[in-house]
Amino acid sequence: MREIERFRLSTRFLHWTVAASALLLALTGILLWVPAWGAAAVGGWSRLLHRIAAVIFMAAPLLYALFNWRLSLSFVKEAFTWGKEDMGWFQAAPDYYFGGDESKMPPQDHINTGQKLYQLVSILCSAAFFLTGLLMWFFRELLPIEVFRWAVIVHDIAFILGGSMVLLHIYLGAIHPRMTESLRSMVTGKASVEYVKSHHRKWFERVIRATEGESPQGPDSKAA
Amino acid sequence: MAEKAMLLDPTRCTACRGCVVACKAWNEREAEKTTNRGSYENPPGLSPNTWTTVRFAEKEGPNGVPRWLFTVYRCMHCTDAGCVKACPTGALYHHELGFVGIQRDRCIGCGYCVSACPFGVPQVGGVPFAGVKEKVYKCHFCQDRVTNGLEPACAKTCPSGAIRFGDREALLNEARARVEKLRARYPGARVYGDRELKGLHMVYVLDDAPKVYGLPENPQIPVASTLWQDLLQPLGYVAVGVTAVGLLLNYLVARARTIRERERR
């Protein structure tokens, strides 16, 4: 089975670092969300863990960006670039994800429109988490208390929005019957040519063109 | 058990600050070094080590006569307490005697109560940033004394009768009688704390509008503090619920289709 590189090692490492810290952040944060679980936070251990995880959650992508700034920039740019083609995905998505009807689905790039939406939401939510988290951590006593009040609200909204999207992300990446190689590609970095052809045709054709029939190289390494 | 309260009467207060000292002494709070800010008011406000203060206000009275007003200020022990609502760990709670108690070993220093208090009372102290040892401090109504048949340290020490401790109902009647008397000289005299936030357990006798004494006219729990419980929390459950149901539905439909496709092949 011929394979094609979807994600380079550093990208995968970043993904799982962020995923692990996000999980820890969610678990320690939700204790303050559900009234009945608040008692579990007594002692402050969850608060400390939340802060450690927050530092990892924020430092990991920033460090990554330092060493892969070109790729990181295109990652952000990608999330904010929306066109007519994306509408095609939205129209075809119900038939595609429920019924498996691929006929109406326009060819997708390295990430599809849904993944791009997730990318956009996660960037926005991370920024919101980062800013409001900093406010709550360091600036409660320095700024008017109203700022803290609204920071908590924004933090919570980011959790509702981002948390729901993460559930969707995990489902589509690891559970949905048709996304057979999504999880594998984020673990091993590779996906079969057959899978990539049907799920990311636009990207596949670009990579083929760029490498002109040589063994196709990864996405992150478009230049390679 | 009958609800307890304290009656605070600024018209009787001489600003001796015996209550501040008694509070610190009983609760073993350290004194704080302060600087002269051009006012006799000192210490300048509540802090993790100062749970009760006396506020000084200079106002112009009728006929240009200056008035020097003294107000004992600390936790109001609201019946509808924003801090108790906001506290995620149950460290802040309503005691059966009516006051808002604090169980500091349950406190994680999150500061939600600070943002939920319309009176700016709770104070976070401890090691900042690390966050583990941060705790919230405020007047606890001398719970250790009150539940053992003693009156709070401030009321015990007050020499002028400006702080009185007793059953809330009796004190309210006393406050109303006092206001009647004061009205002869101060037409704006009123009781404060009888209805505010469904009843405070600090009942003030004021000879003027609350704002003259630096008290909020109509104290409310900040909208943003209740928005979380009234709106965001249910919204969060709905969001998670709808997502989960939607995904399950999608899984069942999509799997059925793939199985059918496989069989057809």
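Residues numbered from 1 in each chain as written. Chains lettered and ligands numbered in written order. Predicted model: local features only at pLDDT ≥ 70, side-chain atom pairs only at ≥ 80, totals over all residues. Heavy atoms only, no water.

Peer 1: Give a description of the overall build of chain B that names residues and reports values.
Peer 2: Helix and strand counts for chain B stand at seven helices and 10 strands. Its C-alpha radius of gyration of 25 Å places chain B more than 25% over the 18 Å reference for a compact globule of 265 residues. Principal axes of the C-alpha set define a box for chain B whose edges measure 100 × 40 × 40 Å. For chain B, the residues scored as buried account for 52% of the 265 residues in total. (Helix = DSSP H or I, 4+ residues; strand = E, 2+ residues; numbered from the N terminus. Rg over C-alpha atoms; globule rule 2.2 N^0.38 Å. Buried < 20%, exposed > 50% of the residue type's maximum accessible area, 1.4 Å probe, protein only.)

Peer 1: Give a detailed account of helix α4 (residues 84–99) of chain A, specifying residues and quantitative values.
Peer 2: In an α-helix, one turn spans 3.6 residues, which is why side chains three or four residues apart end up on the same side. Here α4 of chain A spans 23 Å end to end across 16 residues, near enough to the 22 Å set by a 1.5 Å rise per residue. Taking the largest bend as the criterion, α4 of chain A deviates by roughly 50°, centred on Ala92 of chain A, and proline Pro94 of chain A comes between one and four positions later. As for α4 of chain A, its buried residues are in contact with α5 (113–138), α6 (145–175) and α8 (193–199) of chain A together with α7 (223–264) of chain B. At the C-terminal side of α4 of chain A, Gly100 of chain A shows a positive phi close to 75°. (Expected span 1.5 Å × (residues − 1). Bend = angle between axes of the 7 residues up to and from the residue. Contact = heavy atoms within 4.5 Å.)

Peer 1: Got a sec to walk through the sheet that holds strand β9 (residues 190–192) of chain B? Specific residues and values, please.
Peer 2: Residues and elements named next belong to chain B. Read across the sheet, four strands follow the order β8-β1-β10-β9 without closing on themselves; strand pairing throughout is mixed. The open sheet has two free edges, formed respectively by β8 (163–167) and β9, since each of these has just one partner strand. Each strand axis lies, on average, 25° off the axis of its neighbour in the sheet, ignoring direction. Summarising the sheet, strand β1 (residues 4–8) and β8 pair through five bridges and their orientation is antiparallel. Paired with Leu8 across the two strands is Ile163, which belongs to β8. (Pairing = 2+ DSSP bridges. Axes fitted to C-alpha atoms, helices over the stretch in contact; angles between N-to-C directions.)

Peer 1: Report on the interface of chain A and chain B, specifying residues and quantitative values.
Peer 2: Contact with chain A, which involves 37 residues of that partner, is made by 41 residues of chain B. Surface buried jointly by chain A and chain B totals about 3600 Å² across both partners, of which 65% is contributed by carbon and sulfur atoms. The three residues of chain A that bury the most area against chain B are Leu32, Arg47 and Phe98 of chain A, which together make up 18% of that side's buried surface. At the surface where chain A touches chain B, the tally comes to three salt bridges. Where Arg140 of chain A meets Glu134 of chain B, a salt bridge forms, and the shortest distance between an N and an O atom there is 3.8 Å. Run the count over chain A and chain B and you get 11 residue pairs in polar contact (both at pLDDT 80 or more). The set of elements that each furnish at least two residues to the side of chain A that touches chain B consists of α2 (45–67), α4, α5 and α6 of chain A. Of the residues forming the side of chain A that touches chain B, the biggest block, 14 residues, is contributed by α6 of chain A. Tallied by class, the residues present in the side of chain A that touches chain B amount to 24 nonpolar, six polar and seven charged. (Buried area = accessible area lost by both parts, 1.4 Å probe. Salt bridge = Lys/Arg side-chain N within 4 Å of Asp/Glu carboxyl O. Polar contact = N/O pair within 3.5 Å; in protein donor to acceptor, adjacent residues only side chain to side chain. Nonpolar A, V, L, I, M, F, W, Y, C, P; charged D, E, K, R; others polar.)

Peer 1: Which residues make up the packing of helix α3 (residues 69–80) of chain A against α5 of chain A, and what values go with them?
Peer 2: All names here are of chain A. Packing of α3 against α5 leaves a shortest axis separation of 8 Å and a crossing angle of 110°. Between α3 and α5, the angle falls in the class roughly perpendicular. Facing Phe75, Val76, Glu78, Ala79 and Phe80 of α3, the residues of α5 in contact are Lys116, Gln119, Leu120, Ile123 and Leu124. Split into classes, the residues belonging to the contact of α3 with α5 amount to seven nonpolar, one polar and two charged. (Parallel < 35°, antiparallel > 145°, perpendicular 65-115°, else oblique.)

Peer 1: Outline the pairing of β1 of chain B, supporting the account with residue identities and numerical values.
Peer 2: All names here are of chain B. Extensive coverage of β1 is indicated by the burial of four of its five residues. Examined bridge by bridge, β1 and strand β10 (residues 202–206) share three bridges and lie parallel to one another. Bridging from a neighbouring strand, Leu8 pairs with Tyr204 of β10.

Peer 1: Break down the packing of aromatic side chains for me, citing the residues and quoting the values.
Peer 2: Residues and elements named next belong to chain A. All chains considered together, the criterion is met by 14 aromatic pairs over all chains. With 4.7 Å between their ring centres and 15° between their planes, Trp137 and Phe138 make a pair best called stacked. What makes Trp137 partly exposed here is its relative accessible area of 23%. Residue Phe138 is classed as partly exposed on the basis of its relative accessible area of 31%. Taken together, the ring pairs connect Trp89, Phe90, Tyr96 and Tyr97 into an aromatic cluster. Between the NZ or CZ atom of Arg6 and the centre of the ring of Trp203, over which it lies, the distance is 5.1 Å. Over the face of the ring belonging to Trp82 we find Lys116, whose NZ or CZ atom lies 4.7 Å from the ring centre. (Phe/Tyr/Trp six-rings, centres within 6.5 Å; stacked < 30°, edge-to-face > 60°. Lys NZ or Arg CZ within 6 Å of the ring centre and 35° of its normal.)

Peer 1: With reference to specific residues and values, describe the confidence of the model for chain A.
Peer 2: Summary statistics for chain A give a mean pLDDT of 89 and a share of 94% for residues scoring 70 or more. No element of chain A has a lower mean pLDDT than helix α9 (residues 201–211) of chain A, which averages 85, and none a higher one than helix α1 (residues 9–30) of chain A, which averages 96. (pLDDT = per-residue confidence, 0-100.)

Peer 1: How would you explain the nonpolar core if you had to name every residue and give the values?
Peer 2: In this structure, Val54, Met76, Phe119, Ile163 and Tyr204 of chain B are the most contacted members of the largest nonpolar core, which totals 56 residues. With four residues, the single largest contributor to this core is strand β3 (residues 66–73) of chain B. Each residue touching Phe119 of chain B, except ones within four places of it in the same chain, is listed here: Tyr73, Met76, Cys78, Tyr192, Leu197, Leu200, Pro216 and Pro219 of chain B. Counting residues in each nonpolar core, the second largest holds 15 residues, with Ala92, Tyr97, Met105 and Val207 of chain A among its members. (Core = buried A, V, L, I, M, F, W, Y, C linked by side-chain atoms within 4.5 Å.)

Peer 1: Residues and numbers for the side chain of Arg67 of chain B, please.
Peer 2: All names here are of chain B. Following the sequence through the fold, Arg67 ends up in strand β3. Its relative accessible area of 16% is what places Arg67 among the buried residues. Here the side chain of Arg67 touches Asp208 through a polar contact of 3.4 Å, side chain to side chain. With near-sequence residues (within four places) excluded, Arg67 lies in contact with Ala57, Glu58, Lys59, Gly61, Tyr186, Asp207, Asp208 and Tyr213.

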